[in-house]
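Observations on chain architecture
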Amino acid sequence: MSDFSLFSGGIAGTAALAAGIVMALYMARAPIQNVILEACQAIAGGLRFASRTLVSVRTRLVQRNREVLLSAGREAAARMVEREYERFADKVHRDLGDYPTLHQELAGHATRLDEDYAKSASNPPAPPGWADAVEAVAAVPDKAEPVLRQVLESIHGSFKKAGEEANKAYREDCRMRHKHLHDMAPSWRESVRLLGQVKTRVETLNERAAVVDESMRKFEEIHEDTDQAAMALQSSALVQFFIAGLVLLVATGGAVVNFHLIARPMSEMVGGNTYIGSFKTADIAALVIILVELSMGLFLMECLRITSLFPVIASLADKVRTRLAIVSFTLLLSLASVEAGLAYMRELLLQDELATAAVLRGEVAQEASFLWITTAAQMGMGFILPFALTFIAIPLETFIHSMRAVLGWGASGVLMTMAFTLRILARTFDEGGKVFAQLYDVAIFAPLWAEKRFLDVRKEMKASPGAREMLEETEARLSGQKAA
Amino acid sequence: MRKLIITLTATLTAGLAACGEPPATNTGVYMLIDTSGTYTKEIDQAQQIINVILARLEPDDAFAVARVDTGSFSEKDIVAKMHFDDRPSVANQQKRQFRDRVDGFVKDVRPASHTDITGGVLQASEFLTEKGTGKKIIFIFSDLKEDLPEGYVRDIPLTLDGFHVIALNVTKLNSDNIDPREYMNRLEDWQRRVEEGGGTWQVVNDLERLEFSWR
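First, a word on what this report is: a plain description of the structure on this page. In this text, all values refer to a predicted model and were calculated from it rather than measured experimentally. (Residues numbered from 1 in each chain as written. Chains lettered and ligands numbered in written order. Predicted model: local features only at pLDDT ≥ 70, side-chain atom pairs only at ≥ 80, totals over all residues. Heavy atoms only, no water.)

Turning our eyes to something else, we now look at the packing of helix α6 (residues 227-270) of chain A against helix α7 (residues 281-303) of chain A. Residue and element names in this part refer to chain A. At a closest axis distance of 7 Å, the pairing of α6 and α7 adopts a crossing angle of 130°. For the element pair α6 / α7, the angle class is oblique. The hand of the α6/α7 crossing is right-handed. Taken together, the residues of α7 that come into contact with α6 (itself represented by A255, N258, F259, I262, A263, M266, S267 and V270) are T281, A282, D283, A285, A286, L287, I289, I290 and E293. Its residues placed into classes, the contact of α6 with α7 shows twelve nonpolar, three polar and two charged. (Axes fitted to C-alpha atoms, helices over the stretch in contact; angles between N-to-C directions. Helix = DSSP H or I, 4+ residues; strand = E, 2+ residues; numbered from the N terminus. Parallel < 35°, antiparallel > 145°, perpendicular 65-115°, else oblique. Left-handed = near helix turned anticlockwise from the far one by under 90°. Contact = heavy atoms within 4.5 Å. Nonpolar A, V, L, I, M, F, W, Y, C, P; charged D, E, K, R; others polar.)

Now the structure itself:
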C-alpha cells in the first residue's frame, strides 16, 4: 500500500515537475527562441562570410593562375617563335644562300641555249643568178636548133650539178642545225633540274613559313589574353605535368638501378657497417654520388641552354658558360668512369662472397664462363646511366613549370569545395535554427494550445454584441423615428 | 631577436650533439663448445654451425669460438677470435682464415675431464663487453651439465645485461632419460641465471631450423 502511494506520489511529482518545466519553457519562449534564431543566424552569417572570403580568394587565385599561365605561355610561345625564326633563317640561308650561283648557272644555260638556238636557224641557199638567162634561152622559139639544144643541155647539166651541190650544202646545214639542237639538250635538262631544285626549296620554305605563321598566331593569341589561349595552355600544362611525371618515374627507376650498382662496392671505401642515423654510410655515399651526377647533368643541360632552370647560368657570358659546360661534362665523365669501376668491383665482391660461402659450406667454388657478360653489362650500365640520367633535366623542368599550374588548380578546387561546404553549413544553421524553434514549440504545445484557445474565445467575445450595445442601438433607432 | 639567437643556438647544439659518436650497430658472437666426455662426438655439428654463423656475419662484426673444459674462464680456451674488417673483401679473407683455425681445432680436439660452462660464459661476456659490439650473442653448444673440479667457485651471479644467450643442441643424458625433471631443471636453472643477469635466453635443439634473427 505504501509502495503504491509512493509510486502514485512519484508520478504526481514527476507530472508536476514536467508541468512546471513546460510552464517555465512557455514563459521563456520568446527570449529562448530569439536566442536560438539569433545564434543560428549569427553562425550562418559567419559561415557565409567565410565562404564569400574563400570564393574571393579563389577568384584571385584563379586570376593569378591565369596570369602566371599566360605569362609562362607567352614566354614559351616567344621562345618558340624565336626558335622558328632561327630555323627559318637557317633554312633560308641553307636553301637560298647559294641562289646567286644557281641564278648564274641558269643564266649561263639560258645564254648557251640562246646561242645554240641562234645557230640552229635555217639558212636557205640563194637561187642562182643566172636563172634569168635560162628563162631567156627557154623563151627562144626555135628550140630544135642544135646550138640552142646544146646550150640547153649544157644548162641542164649545170643545173643538175648546181642542184646536187645545193642539196649537199643544205643537208650539211641541216646536220649542223641538228647538232646544235642536240647540244642544247643537256642544257635543257640541267635547267629543268635546277628549276626543280628551286621549286622544292621554295616549297619547303613555304611550309616552314606556315609553321612560323602558326607559332606567331599562337603567340598573338596568348598575347591578347584570350580565354581560348588560357584554356589551351591549361590543358597543355596538365598533359605536360603527367607526361613529365611519367618520364621522371622512369628516370627514378634508372637512378635506383644505378644506386644498387654502386651501393655494395661503396662499402669497400667507407666501410660496410657504419651508419649515419639509421642508414648505411655506404648507401648514403652511393646516393650522394648519384645526386652529384644528377646535379652535373642539370648544369650541363643548363649550360647548353637546353633547359632554363637557373637564371644565373643563363645570364653568364658565353665564354664562361662554355667553360662551365666543359667542367660539368668532365666531372660527369669522371663520375661515370668511377661508377664503371665500382660496377666492376661489385662483380668481384660478389664472386668473392660466393667463393667464401662455398668454402664455408665445404664446397669448391666454381667460376662460370659467362661471367664476363654480366661484368661487362654492369660496367656498361655504370658508365651509361649517369649520362642517361642527365636528360632528366628536361622533364624535370617541364614538371616544375607545369606543377605551378596544377597546384594552382588543386588549391582552387580545394577552396571551391571549402566555400561550398561552408555555404551548405550556413544554410544548415539557418534552417536548423528555425527547426529548433519549431521543436521548442512542440515541447510546450499544451500551454500554446491553451493560449490559442483563450485568444480565440476573447476574440469571439469581442465580435458578438452585448445587451448594452443592443439597448443603445434600439434607443438610437427610436429617437431617430421620433425626430422623423 | 634574442629569442631567435637562443633558439638557433639551441638547435645547433642539439644538432651537433646528435652528430656525436653513433651507437654501435655491429654484432659480437661468442660460441662455447663443450668438449667434455662423449659430447666431443657432436663437434662436427658445432663446426657446421660455426660455418653458418661465419656466412651470416658482416664486416665489422666480431666472432670468437672457445672450448668448454676444466677451467674455461681463460683466454687460453679461445680457439679462434676475429674482429672482421669493415671492408667486405678483407672480411671474406678473414672468414676463410677463421674457418681454417676452427678446422684445425676440430681435428685435434681432446675430451676434457670437466665442464666449466659458467667460466666460459663469464669469459664470453668479458670478451664481448671489451669488443663493445652493438649486439652481443653467446652460443652454448653443450648439454648444459656442469661438472666442476673441486675448489672451483662458480656460484656467482652473471652480468649479462644486453646479452642474448642461445643454448644449442642440449642433448639428453642417460640420467635425464631416467628422470626428465633433471633435464628440465637444468634448462630452467640456466634460464633463471641468464635472465637474472639481465640477458635473454633461448634454446634451439633442432639445428636444421636454427634461425639467426639477431640482424
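Now that the structure has been shown, the text picks up again.
Attention now moves to the packing of aromatic side chains. Within the structure shown, the criterion is met by seven aromatic pairs over all chains. Linked through ring pairs, F241, F242 and F399 of chain A together constitute an aromatic cluster. Sitting over the face of the ring of W190 of chain B, R193 of chain B holds its NZ or CZ atom 4.9 Å from the ring centroid. (Phe/Tyr/Trp six-rings, centres within 6.5 Å; stacked < 30°, edge-to-face > 60°. Lys NZ or Arg CZ within 6 Å of the ring centre and 35° of its normal.)

So, about the side chain of S142 of chain B. Residue and element names in this part refer to chain B. Along the polypeptide, S142 turns up in the loop between β4 (135-141) and β5 (163-168). Given the relative accessible area of 0%, S142 is considered buried. Only 3.5 Å separates the side chain of S142 from the side chain of D143, close enough to count as a polar contact. (Buried < 20%, exposed > 50% of the residue type's maximum accessible area, 1.4 Å probe, protein only. Polar contact = N/O pair within 3.5 Å; in protein donor to acceptor, adjacent residues only side chain to side chain.)

Of the residues lining the interface, 15 residues belong to chain A; the matching set on chain B comes to 18 residues. Of the roughly 1400 Å² buried between chain A and chain B, counting both surfaces, carbon and sulfur atoms make up 50%. For the chain A face of the interface with chain B, the top three residues by lost area are E268, N273 and L360 of chain A, together amounting to 44%. Viewed at the interface, chain B and chain A are joined by one salt bridge. With a shortest N-O distance of 2.9 Å, D352 of chain A and R96 of chain B are connected by a salt bridge. For the interface between chain A and chain B, the tally reads six residue pairs in polar contact (both at pLDDT 80 or more). Of all the elements in the fold, those that place two or more residues in the side of chain A that touches chain B are α6 and α9 (318-360) of chain A. Of the residues contributing to the side of chain A that touches chain B, the split by class is five nonpolar, six polar and four charged. (Buried area = accessible area lost by both parts, 1.4 Å probe. Salt bridge = Lys/Arg side-chain N within 4 Å of Asp/Glu carboxyl O.)

Residue and element names in this part refer to chain A. Within the element layout of this structure, E84 appears in helix α2 (residues 29-96). According to the relative accessible area criterion, E84 is buried, its value standing at 5%. As for E84 and E214, which are separated by 130 residues in sequence, their C-alpha atoms are 10.0 Å apart. Beyond its immediate chain neighbours, meaning those up to four positions away, E84 contacts R208, V211, V212 and S215.

All names here are of chain B. Read from one edge of the open sheet, six strands run β3-β2-β1-β4-β5-β6, paired in mixed fashion. Here the strands that pair on one side only, and so sit at the sheet edges, are β3 (78-83) and β6 (200-204). When the angles between neighbouring strand axes are averaged without regard to direction, this sheet yields 15°. As paired elements, β4 and β5 share six bridges and run parallel to each other. Paired with F141 across the two strands is L168, which belongs to β5. (Pairing = 2+ DSSP bridges.)

One non-glycine residue, R305 of chain A, adopts positive backbone phi at about 65°. Mapped onto the elements, R305 of chain A comes out in the loop between α7 and α8 (311-314). Although it is not a glycine, L144 of chain B adopts a positive phi angle of roughly 65°. Topologically, L144 of chain B is positioned in the loop between β4 and β5. L144 of chain B sits in the buried class, given a relative accessible area of 2%.

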